[in-house]
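One-letter residues, chain by chain:
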Amino acid sequence: MSVFLECHQLHKQFDGNPVLDGIDFSLDRGECLVLLGPSGCGKSTLLNIIAGLLAADQGELRCDGEVLDAPAQGFHRPMRDRRFSMVFQDFSLWPHMTVAENVAFGLRVRGAHRSRIREQVEQALARVRMSDFLDRKPEQLSGGQQQRVAIARALAVQPRLLLLDEPLSALDARLREDLKTELGALLQDSGVTSVYVTHDQSEAMTLGDRIALMKGGRIEQIGPPEQVYREPSSCFVAEFLGSSN
Ligand code: ADP
Ligand code: MG
């Protein structure tokens, strides 16, 4: 395993309130790291900084050895140059485009050749079992189907890093369970490196190679799911994971 992403002492404030208070972790190539914690603990802020949607106030972010963010040097690499993909809670498909057009769009923007685009779109949609829906518009699909398309769109461009922000939270319990299992297989098979944000401990336990449990803008504990579950470092971690310490 080689280190792919490194966060060093990331800080972020909003209106003078610290939201990230010294975040340190590294992520290996091919690994899925889950950022887990209660609402408001800073998960989305951290993910958005990794994505390049937000700039950190202090610290350093590196990917594959290259600096992405170094506020002390005034350096911020824009999102479009990072070659990361993102999946959001609300699916965020373009409503006026068909399923196939949604998935093709990212490929087209990245300059893929026309003949390759069709092939890659079909492959990506087959992987999420959406091959029969190429010409549908998002409004003609269920929430679970829309999220499958959004995942296909994110993976089709072969991102260096896949970022997911509560991708299952808008779905009902049954669908969430199904898609959680599918997503686990997809992350494994594709070998993509990913950061997965959730407040749901069962998603974290199922999908994470490691879990970073966050509280108040800090990482309380980070480690493989079984370890964090069996050896919680604080009452907060134990209570959040439903384990006993
Ligand atoms: P989480 O994703 O863990 O629920 P967020 O990262 O969205 O948490 O938010 C962390 C804290 O930062 C919250 O208190 C939230 O209200 C605040 N916050 C997030 N984004 C902004 C913003 N753009 N402006 C001001 N405060 C924000
Ligand atoms: Mg959030």
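None of these values were measured; they are calculated from a predicted model.

Caption draft 1: View of the overall build of the protein chain. Secondary structure summary: the protein chain contains eight helices and eleven strands in total. Its C-alpha atoms give the protein chain a radius of gyration of 18 Å, near enough to 18 Å, the size a compact globule of 245 residues would have. Projected onto the principal axes, the alpha-carbon positions of the protein chain cover approximately 50 × 45 × 40 Å. Split into buried and exposed, the 245 residues of the protein chain put 41% on the buried side. Partitioning the intrachain contacts of the protein chain with sequence separation of at least 6 by distance along the chain shows that 62% fall at a separation of at least 24.

Caption draft 2: Layout of the pairing of strand E11 (residues 218-223). Sheet topology note: the strand E10 (residues 210-215)/E11 ladder contains five bridges and is antiparallel. Counterpart to Ala212 in the pairing with E11 is Ile222. Between the antiparallel neighbours E10 and E11 lie two residues, among them Gly216 with a positive phi of about 55 degrees.

Caption draft 3: Structural detail: the sheet that holds E11. An order of E7-E8-E9-E3-E10-E11 is seen for the six strands of this open sheet, with the pairing classed as mixed. Two strands bound the open sheet, and with one partner strand each, they are strand E7 (84-87) and E11. Taken over all neighbouring pairs, the strand axes of this sheet differ in orientation by 20 degrees on average, direction set aside.

Caption draft 4: Region of interest: the site of ligand 1. All residues in the neighbourhood of ligand 1 are listed as Phe14, Asp15, Val19, Gly37, Ser39, Gly40, Cys41, Gly42, Lys43, Ser44 and Thr45. When residues of the shell around ligand 1 are assigned to their parent elements, the largest contribution, three residues, is made by helix H1 (residues 43-51). The residue inventory of the shell around ligand 1, partitioned by class, reads three nonpolar, six polar and two charged.

Caption draft 5: Quick look at the UniProt feature "domain: ABC transporter" (unreviewed entry) in the protein chain. Residues annotated in UniProt with the feature "domain: ABC transporter" (unreviewed entry) correspond here to residues 5-241. Helix makes up 36% of residues 5-241 and strand 28%, with an end-to-end C-alpha separation of 26 Å.

Caption draft 6: Region of the structure containing the pairing of strand E5 (residues 66-70). Pairing of strand E4 (residues 58-63) with E5 involves three bridges; the strand directions are antiparallel. Bridge pairing in E5 links Arg62 to Val67. Linking two consecutive strands that pair antiparallel, namely E4 and E5, is a turn of two residues; a positive phi of about 55 degrees is found at Asp64 within it. The pairing of E5 with strand E6 (residues 75-76) spans two bridges and is antiparallel. Residue pairing across strands places Asp69 opposite His76, the latter belonging to E6. Joining the antiparallel neighbours E5 and E6 is a turn of four residues, in which Gly74 adopts a positive phi near 70 degrees.

Caption draft 7: Expanded view of the sheet that holds strand E1 (residues 3-14). Reading across the sheet, the five strands line up as E2-E1-E4-E5-E6 and stay open at both edges, with antiparallel pairing between neighbours. Across the chains shown, the open sheet's two edge strands, defined by having one partner strand only, are strand E2 (17-28) and E6. Inspection of the sheet shows E1 paired to E4 by five bridges, in the antiparallel sense. Note on E4: the bridge partner recorded for Cys7 is Leu61.

Here is what the cut-offs are and how they apply
- Residues numbered from 1 in each chain as written.
- Chains lettered and ligands numbered in written order.
- Predicted model: local features only at pLDDT ≥ 70, side-chain atom pairs only at ≥ 80, totals over all residues.
- Helix = DSSP H or I, 4+ residues; strand = E, 2+ residues; numbered from the N terminus.
- Rg over C-alpha atoms; globule rule 2.2 N^0.38 Å.
- Buried ≥ 20, exposed ≤ 12 C-beta atoms within 10 Å, placed from the backbone.
- Contact = placed C-beta atoms within 7 Å.
- Pairing = 2+ DSSP bridges.
- Axes fitted to C-alpha atoms, helices over the stretch in contact; angles between N-to-C directions.
- Near = placed C-beta within 6 Å.
- Nonpolar A, V, L, I, M, F, W, Y, C, P; charged D, E, K, R; others polar.
- UniProt positions renumbered as here; feature names shortened; annotations may be inferred.

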